[in-house]
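Chain by chain, the residues:
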Amino acid sequence: MAKLSTVQVCIPLMEQSTISTQSTVLTFDSLSYEVPQNKTAKRLLNQISGCFISGRLTAILGPSGAGKTSLLNVLSGFRIAGVSGQILINNKEIARHHYRQLVAYNEQNVDLLPNISVRETLLYATDLKLPRKIPGGENQKLVDEIISLLGLEKCSQNQARVLSGGERKRLAIGQELVSNPRIMFFDEPTSGLDSESSFQVISYLNELSQQGRCVISVIHQPSSDLLELFDDIFVVADGRCLYRGSLDDMIPTFAKEGLVCPQYYNRADFAIKVASRKNIDPGKVENLFNRMNKFERRIKSDLTHHEPSKLLEQDLSTGSQYPTSQWHQFVVLTRRTMLGTIRNFMLTVLRIFAHILFAIVVGIVYYDIGNDGAKVISNIALVMLSLLFIVFTNSMAVVLTYPLEMAVFIREYKSNCYSTAAYFFSKIVADFPMLIIGLTAFQLIANYLTGQSDEPIRMLTLWTMCFLVGWFAQVYGMLGGSFFPIEVSPFIIPVTLVPTVLFCGFFIRYDELPAAFRPLTFISPLRFAFEGIAMSYYGFDRKDLDCSEIFCYYRKPQKILEMLDMEESNYWVDLGGLIGCIFVLHVALFASLRWKVR
């Protein structure tokens, strides 16, 4: 595993003189990165070395598959498994979580919360990335400065879902600027943008480097005008360094090895052509690699004569890994998630409307059957229908929106914004208001129209059981959305819920099940829910039902429970069983989140 370390004295790139000791220099030595592939290991980086200096904008060039993104993933700390070598910042070794405080990584496709505006996104970033001792007014001022710097004034009140590609790129950059990182990595920030938007984005990166930051960007086939904005070039080929140095020195260096760039030829295209070795003498390319190896040995020698720097100690916190407490993270994340949920049509208006509409429909179809002993079978069917509606509505609404939020969570977690626990609890709590509103509206309307008992104890026990079922469905949907991609999870969730429906006790009595399947009823959450709702309807010493016919066999509630094989059941046991299932799902969801970020 690579050491995450730090440097004080700046090492020259190609033949440059030493830079001021106030600079930040990222130096990496003999980095290798391997990933498992078909029982073997594929090496993506091969003993690559180099350094990046603050105040200079560096472009990483290379053909597809050369290892450009892999290099950024390793240098940013996003990849640690399979990594060997050494990473230094100003020649001082730093703990991994402190290293994250100095480094920002903007991936090629940055996911944003679609229903949060530009200004709100930046304000929430300041709440999470800056210590609480900073006054709120300073946060507002910082956000205004970032919006002005990145040219986002016209869209500052727009939600992220309506932003253009260039605006999304700049907003993603702004999120990283909040913590004022010393080193910034960008993976193809111009991907998918037109030439004018690309020029604007790279111009902003150039401004960031001029402010004293170390800015490194992977760039894919830049135009000549775009290339002129970069100070230094780092060419990668086959996981090795083919060239590193100033832009102006690149073509002369290639020419020394007999690789002459044609007149009026784009220098970036020529560098990529050399790195891909198409119609190029392999011996000349190897000479470039050897030149770099000699230069790397000289850098290693220079590094041994410099003492570690204390320059960056003021930037590193000595206490917690995160700039704010976990409670503050939970509050901010809950507030942000609730705001996004309220603005999400599927999770608010459509979800609540569906509960109300379904309650009216079943109320009309099953009108006034709740206290009629002649219609008990239909009332039991209503219980099962309502149970399935609650489960599938609340699980599917979450599973369709959660994968996008997972991408945001992984990026922000790796940026050291908050802990997994803070995100986990905030996500659970933030959805409770919509869950409660929908279920309460459904129960009040459906119970009134279907003529169910209005005894307070029955209404309370019924609402409690319905709430727990909705809670179970919510967490189950989150688990599916976190563990499976969005293309698969809408199929996995219904399929895996079918067995719990089969063994709930409605479609086949417990005593009629084959002996091998009976234990499954004790781990089916819908069995606890169905039994608990039936007990709230007909348990707790309910009086005899009315009868609209001459004779009603199921007029006595005890007969109904015997028919359902629930005469020995206990509501509180069912309540505890369902809570236990919810707890197990929470543990599985938390483990899934931890697995995702690792």
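Scroll up to find the structure this text is about.
Bear in mind the structure is a predicted one, so any value in this text is a computation, not a measurement.

**Student:** Please set out the overall build of the chain residue by residue, giving values where relevant.
**Tutor:** Scanning the chain from N- to C-terminus turns up 21 helices and eleven strands. Referenced to the eigenvectors of the C-alpha coordinate spread, the extents of the chain come out at roughly 105 × 55 × 45 Å. Taken over 598 residues, the chain has a buried fraction of 55%. A sequence separation of at least 24 residues applies to 78% of the contacts in the chain between residues at least 6 apart. Surface exposure of the chain reaches about 26000 Å², of which carbon and sulfur atoms provide 57%. Side-chain charges of the chain comprise 56 positive and 55 negative groups, with the mean position of each set lying 5 Å from the other.

**Student:** Describe helix H11 (residues 326–342), and please don't skip the residues or the numbers.
**Tutor:** Compared with the 24 Å implied by 1.5 Å per residue over 17 residues, the 24 Å span of H11 between its first and last C-alpha is a close match. By the burial criterion, the buried members of H11 are His328, Gln329, Phe330, Val332, Leu333, Thr334, Arg336, Thr337, Gly340 and Thr341. Summarising the contacts, the buried residues of H11 are in contact with helix H3 (118–129), helix H14 (402–414), helix H15 (420–430) and helix H16 (432–450).

**Student:** Explain the pattern of salt bridges to me, using residue names and the numbers behind them.
**Tutor:** Tallied over the entire structure, the rule returns 15 salt bridges. For Asp232, the salt bridge is made with Arg56, and the minimal N-O distance between the two is 2.6 Å. In this pair, Asp232 sits in strand E10 (residues 232–237) while Arg56 sits in the loop between strand E3 (40–53) and strand E4 (57–61), placing the two residues 176 residues apart along the sequence. Glu412 serves as the salt-bridge partner of Arg336, at 2.9 Å between the closest nitrogen and oxygen. Separated by 76 residues along the polypeptide, Arg336 in helix H11 and Glu412 in helix H14 bring together distant segments of the chain.

**Student:** For the pairing of E10, give the residues involved together with the corresponding values.
**Tutor:** The element E10 is largely enclosed, with a buried count of six among its six residues. Because side chains alternate across E10, one face comprises the buried residues Asp232, Phe234 and Val236, and the other comprises Ile233, Val235 and Ala237, equally buried. Examined bridge by bridge, E4 and E10 share four bridges and lie parallel to one another. Looking at E10, one finds that Thr58 is bridged to Asp232. Examined bridge by bridge, E10 and strand E11 (residues 240–246) share six bridges and lie antiparallel to one another. Among the inter-strand pairings, Ile233 is bridged to a residue of E11, identified as Gly245. What sits between the antiparallel neighbours E10 and E11 is a turn of two residues, in which Asp238 has the positive phi angle 55°.

**Student:** How would you explain empty space enclosed by the protein if you had to name every residue and give the values?
**Tutor:** Taken as a whole and assessed by the stated rule, the structure comprises eight cavities of 30 Å³ or more. There is about 110 Å³ of room inside the largest cavity. Contributing to the lining of the largest cavity are 15 residues, with Ser386, Phe442, Asn447, Leu462 and Tyr537 lying nearest its centre. Put simply, the parts of the chain that give the lining of the largest cavity at least two residues each are helix H13 (376–399), H16, helix H17 (456–483) and helix H19 (525–538). Each residue belonging to the lining of the largest cavity can be placed in one class, and the counts come to ten nonpolar, five polar and no charged.

**Student:** Hey, could you go over the sheet that holds strand E8 (residues 183–187) for me, with residue numbers and the actual values?
**Tutor:** The six strands lie next to each other as E7-E8-E9-E4-E10-E11, forming an open sheet whose pairing is mixed. Lying at the two open borders of the sheet, with one neighbouring strand each, are strand E7 (103–106) and E11. Neighbour-to-neighbour, the strand axes of this sheet turn through a mean angle of 15°, independent of strand direction. Along the sheet face, helix H5 (residues 165–177) touches E7 and E8 and points at about 165° away from the line of E7. Contacts from helix H8 (residues 247–256) reach E10 and E11, with the element oriented near 125° to E11.

**Student:** Provide a residue-level description of the state of the cysteines, including the pertinent values.
**Tutor:** Covalent bonding between the sulfur atoms of two cysteines is what defines a disulfide. Across all of its chains, the model carries one disulfide by this definition. In this model Cys547 forms its disulfide with Cys552; the gap between the sulfur atoms is 1.8 Å. In this structure the cystine formed by Cys547 and Cys552 twists about its S-S bond by roughly 80°; its chirality is therefore right-handed. Summary of cysteine pairing: Cys466 is not part of a disulfide, and the nearest cysteine sulfur, belonging to Cys504, is at 14 Å.

**Student:** Report on the pairing of E7, specifying residues and quantitative values.
**Tutor:** Residues of E7 alternate between two faces, with Val103 and Tyr105 on one and Ala104 and Asn106 on the opposite face, all of them buried. Bridging between E7 and E8 involves four bridges; their strand directions are parallel. Counted as the bridge partner of Val103 is Ile183 from E8.

**Student:** Before we move on, could you go through the packing of aromatic side chains and cite the residues and values that matter?
**Tutor:** Aromatic ring pairs are described here by two measures, namely the spacing of the ring centres and the angle between the planes. According to the stated counting rule, one finds 30 aromatic pairs in the structure shown. A ring pair is formed by Phe28 and Phe52, whose centres lie 5.5 Å apart and whose planes are at 40°; its orientation type is tilted. Residue Phe28 is located in strand E2 (residues 25–37), and its partner Phe52 is located in strand E3; the two are separated by 24 residues in the primary sequence. Relative to Tyr418, the ring of Phe409 has its centre 6.3 Å away and its plane inclined at 20°; by these criteria the two rings are stacked. Grouping residues by exposure puts Phe409 and Tyr418 together as buried. The structure contains a cluster of three or more aromatic residues connected by ring pairs, namely Tyr243, Phe254, Tyr265 and Phe270.

**Student:** Could you give me a rundown of the side chain of Thr121, with the residues and numbers involved?
**Tutor:** Checked against the element boundaries, Thr121 lands in helix H3. In this structure the side chain of Thr121 is engaged in a polar contact, spanning 2.7 Å, whose partner is the backbone oxygen of Ser117. In this structure Thr121 touches Ile116, Leu171 and Gln175, once residues within four positions along its chain are discounted.

**Student:** How would you sum up H16? Please name residues and give values.
**Tutor:** With 19 residues, H16 ought to run about 27 Å at 1.5 Å a step, and its terminal C-alpha atoms sit 26 Å apart, in line with that. Taken residue by residue, H16 has Phe432, Met434, Leu435, Gly438, Leu439, Ala441, Phe442, Gln443, Ala446, Asn447 and Thr450 as its buried positions. Of the residues one or two after H16, Gly451 is the one with positive phi, at around 70°.

**Student:** I'd like to hear about the environment of Ala59, residue by residue, with values.
**Tutor:** Mapped onto the secondary structure, Ala59 falls in strand E4. Overall, the relative accessible area of 0% leaves Ala59 in the buried class. Sequence-wise, Ala59 and Glu188 are 129 residues apart; in three dimensions their C-alpha atoms are separated by 9.8 Å.

**Student:** Lay out the side chain of Thr337 in plain terms, naming residues and giving numbers.
**Tutor:** Among the structural elements, Thr337 can be located in helix H11. Residue classification places Thr337 among the buried residues on the basis of a relative accessible area of 13%. A polar side-chain atom of Thr337 sits 2.7 Å from the main-chain carbonyl oxygen of Leu333. When residues no more than four places from it in sequence are discounted, the contact partners of Thr337 are Lys427 and Ala430.

**Student:** Could you give an account of unusual backbone geometry, naming the residues involved and the relevant values?
**Tutor:** Look at Gln221: it is not a glycine, yet its phi comes out positive at around 45°. Mapped onto the elements of the fold, Gln221 is located in the loop between strand E9 (214–218) and helix H7 (224–227). We classify Gln221 as partly exposed; its relative accessible area is 49%. Residues other than glycine seldom take positive phi values, yet Asp541 does so here, at roughly 55°. In this structure, Asp541 sits in the loop between H19 and helix H20 (557–563).

About the criteria used
- Residues numbered from 1 in each chain as written.
- Predicted model: local features only at pLDDT ≥ 70, side-chain atom pairs only at ≥ 80, totals over all residues.
- Heavy atoms only, no water.
- Helix = DSSP H or I, 4+ residues; strand = E, 2+ residues; numbered from the N terminus.
- Buried < 20%, exposed > 50% of the residue type's maximum accessible area, 1.4 Å probe, protein only.
- Contact = heavy atoms within 4.5 Å.
- Areas by Shrake-Rupley, 256 points an atom, 1.4 Å probe, with all protein chains shown as cover.
- Lys, Arg positive; Asp, Glu negative; His and termini not counted.
- Charge placed at Lys NZ, Arg CZ, Asp CG, Glu CD.
- Expected span 1.5 Å × (residues − 1).
- Salt bridge = Lys/Arg side-chain N within 4 Å of Asp/Glu carboxyl O.
- Pairing = 2+ DSSP bridges.
- 1 Å grid on protein atoms, 1.4 Å probe; cavity = no way out; pocket = protein on both sides within 12 Å on 5 of 7 lines; lining within 4 Å.
- Points joined across faces, edges and corners; volume = space filled by probe spheres on them.
- Nonpolar A, V, L, I, M, F, W, Y, C, P; charged D, E, K, R; others polar.
- Axes fitted to C-alpha atoms, helices over the stretch in contact; angles between N-to-C directions.
- Disulfide = S-S within 2.5 Å.
- Phe/Tyr/Trp six-rings, centres within 6.5 Å; stacked < 30°, edge-to-face > 60°.
- Polar contact = N/O pair within 3.5 Å; in protein donor to acceptor, adjacent residues only side chain to side chain.

By themselves, these figures tell us nothing about what the structure is for.
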